[in-house]
Amino acid sequence: MEPTIVYGNEIWSFLAYEYQVNEVLRELRGITRVNEVKVQDFDGLELSEEELEVLSTALEMGYFNVPREANLKDVAMATGKSVNAVAYSLRSGERKIIRGIMELLKRWRYLPKTW
């Protein structure tokens, strides 16, 4: 990752859990001067409980592995939901996650604002 240079200042963006921010700042201040810090919450995913359950179960079961270690039917049986409900929850949850990451990348100037 490269910094953005504005008027001779380096601007860095990174994603961290809230409990990590102070530790990161302490380490940065140990090696350089920190002029300004802005912290933004990232809560743009807004996953439903069902999407979170299905995505978590699918991940744990190896649905996203290559090759897959579980299929839609396996995830449906594990969650007690229909195959169609699992497929819908996976697609809608994946879409929200990808959109959220793309928004972060856009903010960090890795994607054009017109995306």
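Since we're looking at a predicted model, the values are computed, not measured.

**Some thoughts on the overall build of the protein chain**
Here is step 1 of the chain: When helices and strands are counted, the protein chain shows four helices and two strands.
Here is step 2 of the chain: Each helix and strand of the protein chain, placed in order from N terminus to C terminus, yields the pattern β-β-α-α-α-α.
Here is step 3 of the chain: A buried classification covers 20% of the 115 residues belonging to the protein chain.
Here is step 4 of the chain: Put simply, 45% of the contacts in the protein chain that link residues at least 6 apart link residues at least 24 apart.
Here is step 5 of the chain: By element, 52% of the accessible surface of the protein chain is carried by carbon and sulfur atoms, the whole surface being about 9300 Å².

**Here's the deal with helix 3 (residues 72-79)**
Here is step 1 of the chain: When helix 3 is considered as a whole, its buried residues turn out to be V75, A76 and T79. For helix 3, the angular spread of the buried residues around the axis is 100°, confining them to a single face. Exposed and oriented more than 90 degrees from the buried face of helix 3 are K73 and M77.
Here is step 2 of the chain: Of the surrounding secondary structure, the elements contacted by the buried residues of helix 3 are helix 2 (49-61) and helix 4 (83-107).
Here is step 3 of the chain: Positive backbone phi, approximately 75°, marks G80, located one or two places after helix 3.

**Regarding the side chain of E51**
Here is step 1 of the chain: As for its position among the elements, E51 is in helix 2.
Here is step 2 of the chain: Residues contacting E51, with those up to four places away along its chain left out, are E46, S89, S92, G93 and K96.

**As for the pattern of salt bridges**
Here is step 1 of the chain: One pass over the full model with this rule turns up two salt bridges.
Here is step 2 of the chain: E51 serves as the salt-bridge partner of K96, at 3.0 Å between the closest nitrogen and oxygen. Of this pair, K96 sits in helix 4 while E51 sits in helix 2, placing them 45 residues apart in sequence.
Here is step 3 of the chain: A relative accessible area of 25% places K96 in the partly exposed class.

**Quick notes on the packing of aromatic side chains**
Here is step 1 of the chain: Within the structure shown, the criterion is met by one aromatic pair.
Here is step 2 of the chain: A centroid spacing of 5.1 Å and a plane angle of 85° characterise the contact between Y63 and F64, whose relative ring orientation is edge-to-face.
Here is step 3 of the chain: Residue class for Y63 comes out buried when judged on its relative accessible area of 11%.
Here is step 4 of the chain: On the basis of relative accessible area, F64 is assigned to the partly exposed category, the value being 34%.
Here is step 5 of the chain: Of note, R68 hangs over the ring of Y63, and the distance from its end group to the ring centre comes to 4.0 Å.

Parameters at a glance
- Residues numbered from 1 in each chain as written.
- Predicted model: local features only at pLDDT ≥ 70, side-chain atom pairs only at ≥ 80, totals over all residues.
- Heavy atoms only, no water.
- Helix = DSSP H or I, 4+ residues; strand = E, 2+ residues; numbered from the N terminus.
- Buried < 20%, exposed > 50% of the residue type's maximum accessible area, 1.4 Å probe, protein only.
- Contact = heavy atoms within 4.5 Å.
- Areas by Shrake-Rupley, 256 points an atom, 1.4 Å probe, with all protein chains shown as cover.
- Arc of directions from axis to C-beta.
- Salt bridge = Lys/Arg side-chain N within 4 Å of Asp/Glu carboxyl O.
- Phe/Tyr/Trp six-rings, centres within 6.5 Å; stacked < 30°, edge-to-face > 60°.
- Lys NZ or Arg CZ within 6 Å of the ring centre and 35° of its normal.

These values are about where atoms sit, not about what they do.
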